[in-house]
Amino acid sequence: MPQYSECTFPVPGTAVYRAEMRSRATVLLSSVCILILSGCSATTLPEFETVQADRDVVPDADSQDIDADSTRFVGEVEGVDLYLARGSDDTLCLIQLRDGEWEQTACGAGMGIGITLETGTRIEAGTFRFRPEEVERGVRTPLSDSVTVIDFP
């Protein structure tokens with residue numbers, strides 16, 4: 001019959017016990033700090049890694065609380081030009097221009113934003129995803145690296 005070794009645990013109140021608990025607390029606290037800091041780190045979307053071209057420039061962006069240097073054209077949907085941008089408070093924004101005129105701007109905290117056009121077409125940008133039951137009958141089409149259009153045929 002195999003022999004099993006007996007597990008021993010530090011006895012509460014002893015120096016070994018206190019050292020073990022400090023070690024575990026340090027590991028736990030370090031892990032929590034790493035998770036918090038990684039969640040708040042300034043990751044960026046691929047569109048913002050490119051140099052802003054003439055097509056990316058949105059007139060009067062700075063008057064709309066948008067970082068004018070961050071606007072990036074991502075495509076056209078239903079006659080609307082869509083741009084990704086960073087808001088002045090470091091949010092992710094999706095700008096809609098029709099015929100060169102501001103139609104709508106939506107900004108969301110973090111790295112994602114979702115909008116619904118008047119026709120029901122939905123746009124997901126960054127890390128945002130609509131709930132599956134909201135888009136289960138939709139057809140997903142990538143517009144750029146970080147933007148997806150969901151049509152409902």
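Structural notes, computed from the coordinates. Everything quoted here is computed from the prediction, not taken from an experiment.

The subject of this paragraph is the pattern of salt bridges. Within this structure, the stated rule accounts for seven salt bridges. In this structure, Asp-81 and Arg-55 form a salt bridge, with 3.6 Å as the shortest nitrogen-oxygen distance. In this pair, Asp-81 sits in strand S2 (residues 80–86) while Arg-55 sits in the loop between helix H1 (15–40) and strand S1 (72–77), placing the two residues 26 residues apart along the sequence. Classification of Asp-81 by relative accessible area gives buried; the value is 18%. Arg-98 serves as the salt-bridge partner of Glu-103, at 2.5 Å between the closest nitrogen and oxygen. By relative accessible area, Glu-103 is classed as partly exposed at 38%. Classification of Arg-98 by relative accessible area gives partly exposed; the value is 34%. Taken together, the shared-partner salt bridges connect Arg-122, Arg-131, Glu-133 and Glu-134 into one network.

Spatial ordering of the open sheet is given by S5-S6-S8-S7, a layout of four strands whose pairing is antiparallel. A single partner strand is all that each edge strand has here, and the edge strands are strand S5 (112–116) and strand S7 (139–142). For this sheet, the mean inter-axis angle between neighbouring strands, taken without regard to orientation, is 20 degrees. With four bridges connecting them, strand S6 (residues 122–126) and strand S8 (residues 147–151) associate as antiparallel partners. In the sheet register, Arg-122 faces S8, and the bridge partner there is Ile-150.

The rules behind the values
- Residues numbered from 1 in each chain as written.
- Predicted model: local features only at pLDDT ≥ 70, side-chain atom pairs only at ≥ 80, totals over all residues.
- Heavy atoms only, no water.
- Salt bridge = Lys/Arg side-chain N within 4 Å of Asp/Glu carboxyl O.
- Helix = DSSP H or I, 4+ residues; strand = E, 2+ residues; numbered from the N terminus.
- Buried < 20%, exposed > 50% of the residue type's maximum accessible area, 1.4 Å probe, protein only.
- Pairing = 2+ DSSP bridges.
- Axes fitted to C-alpha atoms, helices over the stretch in contact; angles between N-to-C directions.

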